[in-house]
Amino acid sequence: MDIVVEKGCGLDVHKETVVACIGGSGIKKEVRTYSTFTQELLRLKEWLKGQGITHVAMESTGIYWKPVFNILEDDFEVILVNARHIKHVPGRKTDVCDSEWLCKLLRNGLVKGSYIPVRDMRELRDLTRYRKKLVHAIASEKNRIQKILEDANIKLSSVVSDTFGVSGSAIIEALLRSELTTEEMSNLARGKLKKKKDVIRASLVGKVTQHHVFMIKTSLEHIKSVEKLIDGIDREKEQKLENYRDEYELLQTIPGVKGHGAASILAEIGTEMERFPTAEHLSSWAGMSPGNNESGGKKKVCGTTHGNKSLRTTLTECAWAASRKKDCYLRAKYHSLVGRRGKKRALIAVGHKILIASYHILKHKVGYKELGGDYLDKRRKEKITRSYVKRLASLGYQVTLADVA
C-alpha cells in the first residue's frame, strides 16, 4: 500500500488521557500517553514538532477533541475522523491499538477528515445552537403552562389560537391576579377575538388554586429570564456576523430564510465552499440526501444519511416557512410532493433545495433567483395536459385543445 503521509501521528482522545502513536520514514514508532491538562498537551505538541510530524489524525470523541484541536491546529494539519468510519480488528480494542491503527490509516491515506470551520464560525455556531436550545426551553415552559391551565379546567387554548399572543397573555396575567371577573377578562380580547367574548368567558370558568398560580408565575418568570439570555446572544451573534454581512444578507434572499435561519446556515456550513467539491457533496455531508444501497444490481430504498442535525433542523424550519410563501417555486415544489410523499419527506426535499441554493449563493456571491410559482407547470406542461385530457375523456368528454394567444 502506498505511503501518502511521510510522518504522521494517531491520537486516541479521552476525557483524561490522550494516547499518541507516531510513525514514518526516519523515525521509530513510539507510543506515549499524556493527560488532557493544557501543560501536558503543550508537551505533546513540542514532542510532535521535535519528531517532524506534519499530520495528526484523531477521532471526534464527544467534545474532548476540541481542546486538543485548538492547541495543535496552528502547527499541524489535523484530520478529525468520524468514529463510525473507523473499524478496528475485533478482540484488540485498547487505547494503544486505537492510536496505532489511526496512525497507520493516516499514513496510507485511508482516513477522511471531517469539515471543521474556522474559529469565528465555530464561535458563531456555538451561539446559534445555544440560542436554539433556549428557544426550545421557552416552548417547553409554555407547554407546561398549558398543562397547568388544563389542570385548572381553564380552556383558553381551545378558543385562542395563540395562548401567548397579545390577548392570551393579557388574560393569563389577569387570571393570576384574580382581580377581574370572567366578563372583565373576556373584554381583554383584541382583534378578531372580540367576536368570541362569550366563548372566552365560558372557557375561563374553572378552579384555579394557589398552587396553579404559583406554578404559572414560576414558569412565566423562567420564560422572561430565558428571553433576556436570548437577547444577549442575539447581540453577540450580530457582532460575529459583521465580518460576513454580505453572505448573511444574500442568504436571506432565499424564500423562507430570514435572520436566524441565515445565521444558522452560515454558522454550520461556513463561507468557504471550496471545501465541498459540489453542492451534492454538501448535501450528503448535511444528511439531506438519500444514501446509496445497491447490491446485485438492485437499488434498495434507504433514508437520508447521517449528517449535521442542527443544519438539518434549520433547513426543515426554513422549508416549512417557504411552503407558505405565495407565488414561490419552493412552495410549488412542496405541494407537488406532499400529496404522494407526505409532509415530512416534502419538507426534506424543499430543505435540500434551500441548501443547494445556499451553496451556489455563497460560492458565487449572488442573490437567489426566483423561478416563480408556475415554473413546475411550465416545465411539465405536456405531461399535465395529457393527464387532464385523459381524465376528461374518462368522464365522457371530447376535448379539443387550442392555444390561447
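Calculation rules
- Residues numbered from 1 in each chain as written.
- Predicted model: local features only at pLDDT ≥ 70, side-chain atom pairs only at ≥ 80, totals over all residues.
- Heavy atoms only, no water.
- Helix = DSSP H or I, 4+ residues; strand = E, 2+ residues; numbered from the N terminus.
- Rg over C-alpha atoms; globule rule 2.2 N^0.38 Å.
- Buried < 20%, exposed > 50% of the residue type's maximum accessible area, 1.4 Å probe, protein only.
- Contact = heavy atoms within 4.5 Å.
- Areas by Shrake-Rupley, 256 points an atom, 1.4 Å probe, with all protein chains shown as cover.
- Lys, Arg positive; Asp, Glu negative; His and termini not counted.
- Charge placed at Lys NZ, Arg CZ, Asp CG, Glu CD.
- Axes fitted to C-alpha atoms, helices over the stretch in contact; angles between N-to-C directions.
- Parallel < 35°, antiparallel > 145°, perpendicular 65-115°, else oblique.
- Left-handed = near helix turned anticlockwise from the far one by under 90°.
- Nonpolar A, V, L, I, M, F, W, Y, C, P; charged D, E, K, R; others polar.
- Salt bridge = Lys/Arg side-chain N within 4 Å of Asp/Glu carboxyl O.
- Pairing = 2+ DSSP bridges.

Describing the overall build of the protein chain
Thought 1: Of regular secondary structure, the protein chain possesses 16 helices and seven strands.
Thought 2: Whereas a compact globule of 405 residues would reach a radius of gyration of roughly 22 Å, the protein chain reaches 29 Å, over 25% beyond that.
Thought 3: Summarising its shape, the C-alpha atoms of the protein chain cover approximately 85 × 75 × 45 Å along the three principal directions.
Thought 4: Taken over 405 residues, the protein chain has a buried fraction of 40%.
Thought 5: Nonlocal contacts in the protein chain, meaning residues at least 24 apart in sequence, comprise 61% of its contacts between residues at least 6 apart.
Thought 6: For the protein chain, the accessible area works out to roughly 24300 Å², and carbon and sulfur atoms hold 51% of it.
Thought 7: Once the 72 positive and 49 negative side-chain charges of the protein chain are each reduced to a mean point, those two points are 8 Å apart.

Describing the packing of helix 13 (residues 329-341) against helix 14 (residues 343-364)
Thought 1: Their axes nearest at 8 Å, the elements helix 13 and helix 14 cross at an angle of 150°. The pairing of helix 13 with helix 14 is recorded here as roughly antiparallel in orientation. Considering the relative orientation of helix 13 and helix 14, their crossing is right-handed. Residue-level inspection shows Tyr329, Leu330, Lys333, Tyr334, Leu337, Val338 and Arg341 of helix 13 in contact with helix 14, the latter providing Lys343, Arg345, Ala346, Leu347, Ala349, Val350, Lys353 and Ile354.
Thought 2: Of the residues assigned to the contact of helix 13 with helix 14, the class counts are ten nonpolar, no polar and five charged.

Describing the pattern of salt bridges
Thought 1: Counted under the stated rule, the structure contains 20 salt bridges.
Thought 2: In this structure, Arg119 and Glu73 form a salt bridge, with 2.8 Å as the shortest nitrogen-oxygen distance. Highlighted residues: Arg119 in helix 4 (residues 119-151) and Glu73 in the loop between helix 2 (65-72) and strand 5 (77-81), separated in sequence by 46 residues.
Thought 3: Using a relative accessible area of 40% as the deciding quantity, one classes Arg119 as partly exposed.
Thought 4: Two residues, Arg125 and Glu268, come together in a salt bridge whose shortest N-O distance is 3.4 Å. On the criterion of sequence distance, the pair formed by Arg125 in helix 4 and Glu268 in helix 10 (residues 259-269) is long-range, its members being 143 residues apart. An identical accessibility class is assigned to Arg125 and Glu268; each is buried.
Thought 5: What emerges from the salt-bridge pattern is a single network uniting Lys45, Lys49 and Asp75.

With respect to the sheet that holds strand 3 (residues 27-35)
Thought 1: With mixed pairing, five strands are arranged side by side in an open sheet as 3-2-1-4-5. Strand pairing shows two members of the sheet lacking a second neighbour, strand 3 and strand 5, which therefore form its edges. Here the strands of the sheet are splayed against their neighbours by 20° on average, with no regard to which way each runs.
Thought 2: Judged from the seven bridges that link them, strand 1 (residues 7-13) and strand 2 (residues 17-24) form a sheet pairing that is antiparallel. Its bridge partner being in strand 2, Gly8 is matched across the sheet by Gly23.
Thought 3: Across the sheet, helix 1 (residues 38-50) lies against strand 1, strand 2, strand 3 and strand 4 (55-59), angled at about 170° from strand 3, the strand it touches most.
Thought 4: Its contacts with the sheet put helix 2 on strand 1, strand 2, strand 4 and strand 5, and the angle it makes with strand 4 is roughly 170°.

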